[in-house]
Each structure stands twice: as C-alpha cells, then as structure tokens.
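Breakdown of the fold
These are the residues of each chain, in order.
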Amino acid sequence: MCEECGCHDGAGHDHDHDHSHDHDHDHSHDHDHDHDHDHPHDHDHSHDHADVETESTVDGPLRIAVTGKGGVGKSTLSAALSARLTREGDVVAVDADPDMNLAATIGCTEPPAITRKRGLIEDRAGGGGLVRLSPDVEDVLESHSSRFGDRDRGRLLTIGAPEGANTGCLCAENSVVQSLVRSALDADYAVLDMEAGIEHLGRGTASDVDAMVVVVGPSQSAIETAAGIRELATEMGVEEVYAVVNRVRDGEGEAVREALSLPVLETLPYDEDVAAAALAGTPPVEASDRLDVAAERILRGIESRTDGAGDVTSRFVSAPGSPVE
C-alpha cells in the first residue's frame, strides 16, 4: 500500500498509457538439463591464457543480472561483461547500484541518474494519486545514456539512489525505473549491475533475465549473501543462478566453492592490474587482460548452460582459461 496515493497492486493507477512490451524474443530455455548443484565445481582452470581469440558471432539474446555483496568486484565484472559483449553487437548496461560506479569502471561519461530527474518522472509517470504503471520511456534510454565499448555499441543507463523517499511516494519513480529496465532487457545483449540483493528487480522483469551471476569474495558474509540472493531469485522465477568467485588468494578459492550452493562459472584470483587501475582512477577493463579472458569464459559458461544439456557448441570462441590460485 502506498501511503501517499493509497494504491496497492496497481489499484487506482492510470492505465491509459500502458505501453507494456510484447517481447519478440523467446526467453524460454530447455531446463531438462541437470540442475543438480550438489557438486557444481568441476572446472579445470589450469590453462594458459596467453593467446585469446576474441572475434566471434553470437546470436542474442543474452541478458545478465550481476549481483553480490558490496566490495566483491560486482561492478568490475559487470563492466568486463558489458565491454566484451559490445564485440558481438549492441549492448545496454544498467547501473542499478545506488553507488553508481559502473561508468568509471567501464570507462565512459557518467549519464544522468534517472531517479534525480524529477521533472522527467512526473512528466512520464505522473504523481500524487494518479500514476501511469507503464509510462512511455523508449526515448529516455537513448537520451539519458552514455556510449561505451567497441565501436560505441554499448549504452550505459544509470538508475541512481531512490529519491522519491524524500517526496513521500515512490510509485511514479518505480514506474519509470521498471519501464526503463524492461526497455533495456529488450536489447539483444543487456547487463544489469545490481545492488546487493534483487528486491528491486520486479517479478515482471525477472522473467526476462537469462541468467543471474552472484559475485562472491572470500568471506563468510559474501557466502551468506549469495545464499540469500539465490533463495530470493528462485522465488522470483529466475532459474539460472550462478556464482563467480573473485579476489581469492592462496587456496581460498576451493574453500569458497565448497561453501557455495551455486554452480561456479569461474574463479578469479586477486588481480594486481585491477587494483592498480582502481587506485589510479583508470577503467579496470582497459588495464587487465586477465579480466577480459574471464569475461569471455563466463559468457561461454552462461551460454552453454542456458542453451541446454548435451553436446553444446558455444557461440563464443574457445578461449583459454584465466589462472587462479
């Protein structure tokens, strides 16, 4: 129940501007493949990554939500995946974390935070007691985004921290944000950099995410956060939930993998190049070849799992693995 407009579950809201999307893409996956995750950690990471072929042809769609506890490298991985996908086609990256770090991490101009555009929100969704549930935001994604990546084929949209809490009602703001996220997920390639937890990813958009990647650092709190995210994602209908273990040293990776109840796509060591880039204020995606290789392997892992079981030929080229501990 919204205390400001007195509405609950859409009752009393204006539906005259319902521009709900009919997705042309088939998001269904063959889930007959084995989802028994009791022993998911069967990856051999002992590869040399000196020569990495990056050109490939990929048929979309592929929409990924990246989440995890703060400070585990979530935005860095989101940036690496987004940048890698621009070599395949047009990409929409959404910074849905209130800390808004993705622009600096991916190496582009910070676009205006949507939640700070009160005039835009009121114009598209209304306010007070009358809120449009599906406002027209098709032009906003272009006008309020920044270009990045290979041939500028990426667009970054920044959501920002909730501002409506200071005005008494979040309904109009949430309506615009949800419509923008749905619009972003209409792209063939989309990466959502989420805040810790996924409560703000509504049930209507959760079904459009092909996979959720939980970034997990070497700490008990990060492992517990991953377990909570998996439970919530399952409740919301997200079936493909995976982990990436990050920033591990000297045998920590195996301990984290054993503690997780998620299949692990990749285990990454603490990367000195990424750390140095963060200290220097330069984009990590431009500083670490290892990060690019990791993004390649993670995308291939997601694709092979969501395409079904059996002898799957990845749409991504075969890339050597990134080294771990």
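Quick caveat: nothing in here was measured; it's all calculated off a predicted structure. (Residues numbered from 1 in each chain as written. Predicted model: local features only at pLDDT ≥ 70, side-chain atom pairs only at ≥ 80, totals over all residues. Heavy atoms only, no water.)

As a further point, take helix H1 (residues 74-85). Given 3.6 residues per turn, any residue in an α-helix points the same way as the ones three and four places further on. Relative to the 16 Å expected for 12 residues at 1.5 Å per residue, H1 spans 17 Å between its end C-alpha atoms, a close match to the ideal helical length. Of all 12 residues that make up H1, 11 are buried, and the element is covered over most of its length. All of the buried residues in H1 are Lys74, Ser75, Thr76, Leu77, Ser78, Ala79, Ala80, Leu81, Ser82, Arg84 and Leu85. (Helix = DSSP H or I, 4+ residues; strand = E, 2+ residues; numbered from the N terminus. Expected span 1.5 Å × (residues − 1). Buried < 20%, exposed > 50% of the residue type's maximum accessible area, 1.4 Å probe, protein only.)

Of all the 5 residues making up strand E6 (residues 154-158), 4 are buried; the element is thus mostly covered by neighbouring parts of the structure. As judged from the 5 bridges shared by strand E2 (residues 91-96) and E6, these two strands associate in the parallel manner. When the bridges of E6 are listed, Ala93 appears paired with Leu156. Bridge analysis of strand E5 (residues 145-148) against E6 gives 4 bridges, and the strand direction is antiparallel. In the strand pairing of E6, Arg147 is matched with Arg155. Adjacent in sequence and paired antiparallel, E5 and E6 are bridged by 5 residues, among which Gly149 carries a positive phi angle near 80 degrees. (Pairing = 2+ DSSP bridges.)

Another point: the nonpolar core. Counting residues in each nonpolar core, the largest one holds 69 residues, and the members touching the most others are Leu77, Leu81, Val216, Leu260 and Ile302. Ranked by residue count, the leading element in this core is helix H5 (residues 171-184), at 7 residues. Grouped together as the second largest cluster of nonpolar side chains are 8 residues, Ile106, Cys108, Phe148 and Leu156 included. (Core = buried A, V, L, I, M, F, W, Y, C linked by side-chain atoms within 4.5 Å.)

Burial of strand E7 (residues 189-194) is extensive: 6 of the 6 residues sit out of reach of the surface. Burial along E7 is two-sided: the face carrying Tyr189, Val191 and Asp193 and the face carrying Ala190, Leu192 and Met194 are both buried. Examined bridge by bridge, strand E1 (residues 62-68) and E7 share 5 bridges and lie parallel to one another. If you follow Leu62 over to E7, its bridge partner there is Tyr189.

The values reported here are purely geometric and, on their own, carry no functional implication.
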